[in-house]
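So you can see what is in the structure, the chains are spelled out below.
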Amino acid sequence: MSTRIVVDPVTRIEGHLRIEADIENGKIKDAYSSGTMVRLLEEILKGRDPLDAWAYVGRVCGVCTSIHSLTSVRCVEDALGIVIPPNAELVRNIMNAALYMHDHVVHFYHLHAMDWVDVVNALKADPKKTSELAQSISHWPKSSPGYFSDLQKRITKFVESGQLGIFSNGYWGHPAYKLPAEVNLIGLAHYLEALEWQKEMVKVQTIFGGKNPHPNYLVGGMACAISTDDISGLNAERLAYVGQLLKDGKEFIEQVYIPDLMAIASFYKDWGAIGGGLGSYMAYGDFPTNGYRDVASYKFPQGVILNKDISKVMDVDMRKDDEIQEFIDNSWYEYKGSGGLHPWKGESKIKYTGPKPPFENLDTTQKYSYLKTPRWKGNAVEVGPLARVLVGYARGREDFKAVVDKALTDLNVPVTALFSTLGRTAARGLESVLVSQWGLEFYDQLIDNIKKGDTRMAESKMRDSSNWPDKALGVGHAEAPRGALAHWINIEDEKIANYQLVVPTTWNASPRDAKGQVSAYEAALRDTPIADPKQPVEILRTVHSFDPCLACAVHLYDEEGKHINRISVLGD
Amino acid sequence: MDKPTVQKIPTYLEEFKRKGYSRKDFLKFCTLMGAYLGLESTALGQVVKAMETKPRLPVIWLHFQECTCCSESFIRSSHPIVADVLLDQISLDYTETLMAASGHQAEEAMRNTMTKYKGEYILCVEGSVPTAADGVYCMIGGKTSMQILEEAAADAKAVIAWGSCACNGCVQAAKPNPTSATPIHKLVKGKPIIKVPGCPPIGEVMAGVIVHVVTFGRLPDLDALGRPKAFYSKRVHDTCYRRPYYDAGLYVESFDDENAKKGYCLYKVGCKGPSTYNACGVTKWNNGVSFPIQSGHGCFGCSEENYWDNGRIYERASAFPGFGIESTADTVGKTALAATGVALAAHAIMTNVRKKKLIKNLEKEGKESEQELKS
């Protein structure tokens with residue numbers, strides 16, 4: 001007999017995720033992933049100005065902030081045939097690099113670390129030993145015995161107050177926590193340091209985009225004019241600021257994030273055989289170096305790997321009718337027909353058929369999520385850092401091979417350890433190293449361009465809608481920190497006729513399809529050992545290794561626009 | 001499980017000790033305090049106890065229809081830094097973004113605070129509440145956001161509505177508002193509500209609101225719309241460093257043109273600074289690094305009510321309903337004098353009723369300075 005357990009809310013994620021799992025003989029027999037919040041942004045976009053779309057869809061997510069705006073401007077530029085100036089591409093790449101650096105570090109320390117690091121146990125650490133350990137793995141300066149001892153005192157005082165705040169009710173003392181107290185203390189120290197660091201990293205986006213979260217983008221380029229001789233433009237001071245931030249960010253990743261990741265991973269090698277899941281991966285690729293349309297120029301290569309076969313990488317075509325399709329067999333939506341639909345031909349309306357709240361359990365034999373189920377040529381695929389790293393590795397890219405092979409050697413684990421919860425978490429760190437290097441490359445190129453006299457930042461001619469065709473279709477794609485992201489637009493009479501998003505967490509967290517084929521979360525959770533069903537920290541480890549982002553994942557589109565009437569009947 | 005539950009927070013006593021005073025000094029202080037407050041000596045014990053055990057401000061932070069940009073903005077605060085806020089100033093007992101516990105343990109943490117600090121905790125709400133279809137468009141732990149908000153607000157001391165979602169429904173409330181996304185003040189009655197709009201609000205503004213409550217022990221002064229006066233009583237336009245270009249009629253005509261490189265006013269490419277009340281021009285973003293206008297893009301009014309339905313982003317504000325200077329906008333700046341005149345007219349028309357007096361004074365000042373310029 002299996003026992004059903006529920007984790008809802010899954011915290012330390014973006015959005016609202018519910019996991020139900022059946023436990024049998026100390027292992028997860030089957031798991032169900034459900035998105036439980038919906039905003040219907042695609043419906044709201046209809047009839048609006050395509051030039052404004054980036055701002056609306058930017059609000060899909062404030063954690064992976066900026067990536068939806070970037071995808072959206074690419075989508076509209078694709079539809080209208082706009083080629084942006086090289087400087088704008090570089091600025092977008094630099095902003096995206098800053099997003100990766102920020103987002104991955106915040107994920108590791110603030111969203112994921114407490115699955116591995118026992119905060120309360122850190123109080124038992126010997127500060128002197130902690131210092132020795134810290135200095136043996138990194139030359140990060142904040143590592144003296146006094147530093148760790150002061151921190152420990154501060155946290156002891158905090159814990160003794162009885163008000164544990166964000167640390168309340170954690171699974172502290174759970175047998176699945178394996179780190180020595182000294183590693184726990186380092187983890188805790190860097191949790192706090194990273195909290196302070198992250199607010200610096202985002203300033204790259206503030207300089208170019210005016211604010212963060214939600215910096216400003218622009219169809220046709222970027223709004224931040226280059227003006228080396230004016231206080232308002234990108235001048236020497238602004239550019240030097242960006243350069244400094246990128247360098248400091250790279251330093252933190254190399255001297256804090258990676259050493260911590262490797263130290264922690266070395267105590268959890270068993271997780272290199274848990275949580276692998278699908279074994280099929282997809283990346284759209286990103287960081288163009290010769291324009292968005294030249295996919296071969298991307299720093300992150302594009303491709304699909306099926307069934308762990310890294311000897312074969314297939315191409316993806318987002319425009320083809322039969323490649324990317326979304327299904328709703330277990331989602332709270334309705335189709336007129338049956339089967340899957342390409343996003344350009346989307347047709348659906350929302351229809352909640354779950355239990356009436358408040359409820360204890362979902363009926364998972366029926367529809368059970370607001371997420372749809374996307375498939376690539378009928379295959380369930382995982383997207384995200386692991387997919388990108390594996391595609392880079394399988395494509396034979398030397399930069400990927402170098403970081404991956406070094407990590408495998410350092411941890412003394414086989415290449416198969418990549419297909420796991422640990423592999424997913426490690427891949428996020430490894431690509432952060434690459435991206436932080438690329439960020440500086442893009443920066444140097446930007447400076448070089450300006451030096452040569454190219455100061456163009458936006459192409460404005462096609463911003464005038466009188467130059468637009470009557471109808472246009474576009475695709476914008478990107479690699480969000482959480483994985484492959486694409487938007488599809490249909491412009492008619494200068495307005496958005498249809499706008500659709502298929503986002504990373506929809507690929508990963510979606511419910512199973514009609515064939516019973518599960519998506520990445522559900523696949524990865526199967527067979528995971530659960531020591532104590534009342535404290536399922538193991539579920540959090542695997543789910544967090546994907547870095548869930550649910551606000552992104554839940555959406556709805558309806559080419560017919562019919563469900564508006566329906567909603568207003570349901571509404572107040 | 002190592003789960004301390006004893007509450008023995010010697011905040012004030014500890015503060016005394018830290019500063020080198022003894023417990024005897026502390027008791028003396030309490031006696032004086034008691035005398036000052038006119039208490040009987042028998043009540044002194046209570047004072048001592050209260051001072052010894054005053055907890056950090058308990059905070060419950062709920063997440064409904066949102067994108068978490070508010071939480072992200074909050075952790076961007078530079079002064080104070082968020083680590084200090086979390087460790088020293090408040091006890092953030094529930095927040096889905098940062099808390100260690102999930103599922104039942106998370107729900108229990110919230111319940112504990114609601115019981116133990118009944119009437120004392122601050123309820124922060126990020127996100128709007130969908131009321132369509134009996135609330136099923138946002139469910140957490142099997143309950144609708146409507147149910148959760150009602151329960152959590154019942155015993156809260158005050159409510160902070162973070163960001164435009166909680167204050168006005170933001171993007172999901174834009175037409176046709178398919179989920180009936182509803183702002184908090186329409187659902188919570190009989191509680192003080194502080195509205196902190198913006199998409200997101202500036203991090204330092206968010207921390208500033210919290211710090212105000214902790215430091216001064218009371219809620220900040222609010223304007224007629226329920227926003228802290230400190231941060232929302234000035235228009236972006238009036239605090240914008242590019243304002244002189246507006247007054248002189250010098251505008252960016254299209255992005256990346258020569259005027260953009262000179263940092264001219266962005267009004268003609270859609271800047272909504274003239275109708276937006278926020279601290280962006282003064283506090284700026286991410287510890288004062290920049291704000292949208294400084295980085296070359298107009299303000300699109302993310303802290304204003306229903307801004308997603310107030311015209312297109314790149315449409316100049318003159319096309320707003322009731323803002324009838326469309327025909328004259330292009331001629332602004334032909335002469336310095338005409339510019340001032342139109343600018344003043346613009347101010348008057350764009351002015352919200354609630355700010356009429358303030359603007360009247362500004363107009364007066366403007367006219368005076370115009371006189372000065374003439375003479």
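Everything discussed here concerns the structure shown above.
The structure presented is a predicted model; accordingly, all values stated were derived computationally and were not measured. (Residues numbered from 1 in each chain as written. Chains lettered and ligands numbered in written order. Predicted model: local features only at pLDDT ≥ 70, side-chain atom pairs only at ≥ 80, totals over all residues.)

Asks: Please explain the overall build of chain A as it appears in this structure.
Replies: Within chain A, the regular secondary structure consists of 17 helices and 12 strands. By its C-alpha atoms, chain A is 70 × 65 × 50 Å across when sized along the principal axes. With 572 residues in all, chain A has 63% of them scored as buried. Considering only residue pairs separated by 6 or more positions, chain A has 75% of its internal contacts joining residues 24 or more positions apart. (Helix = DSSP H or I, 4+ residues; strand = E, 2+ residues; numbered from the N terminus. Buried ≥ 20, exposed ≤ 12 C-beta atoms within 10 Å, placed from the backbone. Contact = placed C-beta atoms within 7 Å.)

Asks: Would you explain the interface of chain A and chain B in this entry?
Replies: As a measure of interface size, the accessible area lost when the parts come together is often cited. The partner chain B presents 88 residues to the 90 residues of chain A that form the contact. Among the residues forming the side of chain A that touches chain B, the class breakdown is 44 nonpolar, 28 polar and 18 charged. (Nonpolar A, V, L, I, M, F, W, Y, C, P; charged D, E, K, R; others polar.)

Asks: Would you mind going over the pairing of strand β2 (residues 17-24) of chain A with me for this structure?
Replies: Remember that side chains alternate between the two faces of the sheet whenever the strand is regular. Residues and elements named next belong to chain A. Both strand β1 (residues 3-7) and β2 contribute to a ladder of 5 bridges, which runs antiparallel. Paired with V6 across the two strands is E20, which belongs to β2. Linking β2 back to strand β3 (residues 27-35) in an antiparallel pair, the connection comprises 2 residues, with N25 at a positive phi of about 50°. (Pairing = 2+ DSSP bridges.)

Asks: When you look at the sheet that holds strand β3 (residues 122-126) of chain B in this model, what are you seeing that I'm missing?
Replies: Strand pairing in a sheet relies on backbone hydrogen bonds, with the paired strands running either antiparallel or parallel. Residue and element names in this part refer to chain B. Spatially, the 5 strands line up as an open sheet ordered β2-β1-β3-β7-β9, and their pairing is parallel. The sheet is open, and its two edges are formed by β2 (90-95) and β9 (193-196), each paired on a single side. For this sheet the average axis-to-axis angle between neighbouring strands, irrespective of direction, equals 20°. Examined bridge by bridge, β3 and strand β7 (residues 158-162) share 5 bridges and lie parallel to one another. The residue of β7 that forms the bridge with V125 is A161. Where helix α6 (residues 103-116) meets the sheet, it contacts β1 (57-63) and β2, and its direction lies at approximately 135° from that of β2. The strands touched by helix α7 (residues 145-154) within the sheet are β1, β3 and β7, with β1 carrying the most contacts at an inclination of about 170°. (Axes fitted to C-alpha atoms, helices over the stretch in contact; angles between N-to-C directions.)

Asks: Could you clarify how one ought to interpret the sheet that holds strand β10 (residues 471-480) of chain A in this entry?
Replies: Residue and element names in this part refer to chain A. Spatially, β10-β11-β12 is the arrangement adopted by the 3 strands of the open sheet, whose pairing is antiparallel. Lying at the two open borders of the sheet, with one neighbouring strand each, are β10 and β12 (495-502). In this sheet, neighbouring strand axes are inclined to one another by 15° on average, regardless of whether the strands run parallel or antiparallel. Both β10 and strand β11 (residues 483-492) contribute to a ladder of 10 bridges, which runs antiparallel. What sits directly across from G474, in β11, is I489. The sheet strands contacting helix α3 (residues 67-80) are β10 and β11, and the helix crosses β10 at an angle near 150°.

Asks: Before we go on, may I ask you to explain the nonpolar core in this structure?
Replies: The nonpolar side chains of a soluble globular protein tend to be buried with one another. Core analysis: the largest hydrophobic core is formed by 296 residues, its most contacted members being I94 and V204 of chain A together with V125 and A161 of chain B. At 15 residues, the largest contribution of residues to this core is made by helix α4 (residues 86-112) of chain A. Taken together, domain 2 (56-230) and domain 3 (237-374) of chain B each give at least three residues to this core, which thus spans both. With residues up to four places along the chain from it excluded, the contact list for V204 of chain A reads I94, M95, A98, V242, L245 and L246 of chain A. (Core = buried A, V, L, I, M, F, W, Y, C linked by C-beta atoms within 7 Å. Domains from an automatic or database assignment.)

Asks: Would you mind going over the pairing of β7 of chain B with me for this structure?
Replies: Residues and elements named next belong to chain B. With 4 of its 5 residues buried, β7 lies for the most part within the structure. Of the pairings in the sheet, the one linking β7 to β9 comprises 4 bridges and is parallel in character. By the bridge assignment for β9, W162 is matched with V196.

Asks: Would you mind going over the packing of helix α9 (residues 236-265) of chain A against helix α12 (residues 421-451) of chain A with me for this structure?
Replies: Packed helices, taken two at a time, are described by their axes: the angle between them and the distance between them. Residue and element names in this part refer to chain A. Between α9 and α12, the shortest axis-to-axis distance is 10 Å and the interhelical angle comes to 160°. When the axis of α9 is compared with that of α12, the two are roughly antiparallel. Considering how the two elements wind past one another, α9 and α12 form a crossing that is left-handed. Residues L239, V242, G243, L246, G249, K250, I253, E254, Y257, I258, L261 and A265 of α9 touch α12, and the partners they reach there are L422, A426, G429, S432, V433, S436, G439, L440, Y443 and I447. (Parallel < 35°, antiparallel > 145°, perpendicular 65-115°, else oblique. Left-handed = near helix turned anticlockwise from the far one by under 90°.)

Asks: Looking at this model, I keep getting lost on the packing of helix α6 (residues 145-160) of chain A against helix α7 (residues 181-201) of chain A. Mind explaining?
Replies: Residue and element names in this part refer to chain A. Here α6 crosses α7 at 80°, and the two axes come no closer than 11 Å. For the element pair α6 / α7, the angle class is roughly perpendicular. The residues of α7 that touch α6, namely those facing F148, L151, Q152 and I155, are L185, L188 and A189. Broken down by class, the residue content of the contact of α6 with α7 amounts to 6 nonpolar, 1 polar and no charged.

Asks: Explain the environment of Q205 of chain A here, please?
Replies: Residue and element names in this part refer to chain A. Relative to the assigned elements, Q205 resides in helix α8 (residues 203-209). According to the C-beta neighbour criterion, Q205 is buried, with 30 such atoms within 10 Å. Once the C-alpha coordinates of Q205 and L188 are considered, the two residues, 17 residues apart in sequence, prove to be 27 Å apart. Once residues within four sequence positions are removed from consideration, Q205 is found in contact with S66, M95, A98, N212 and P215.

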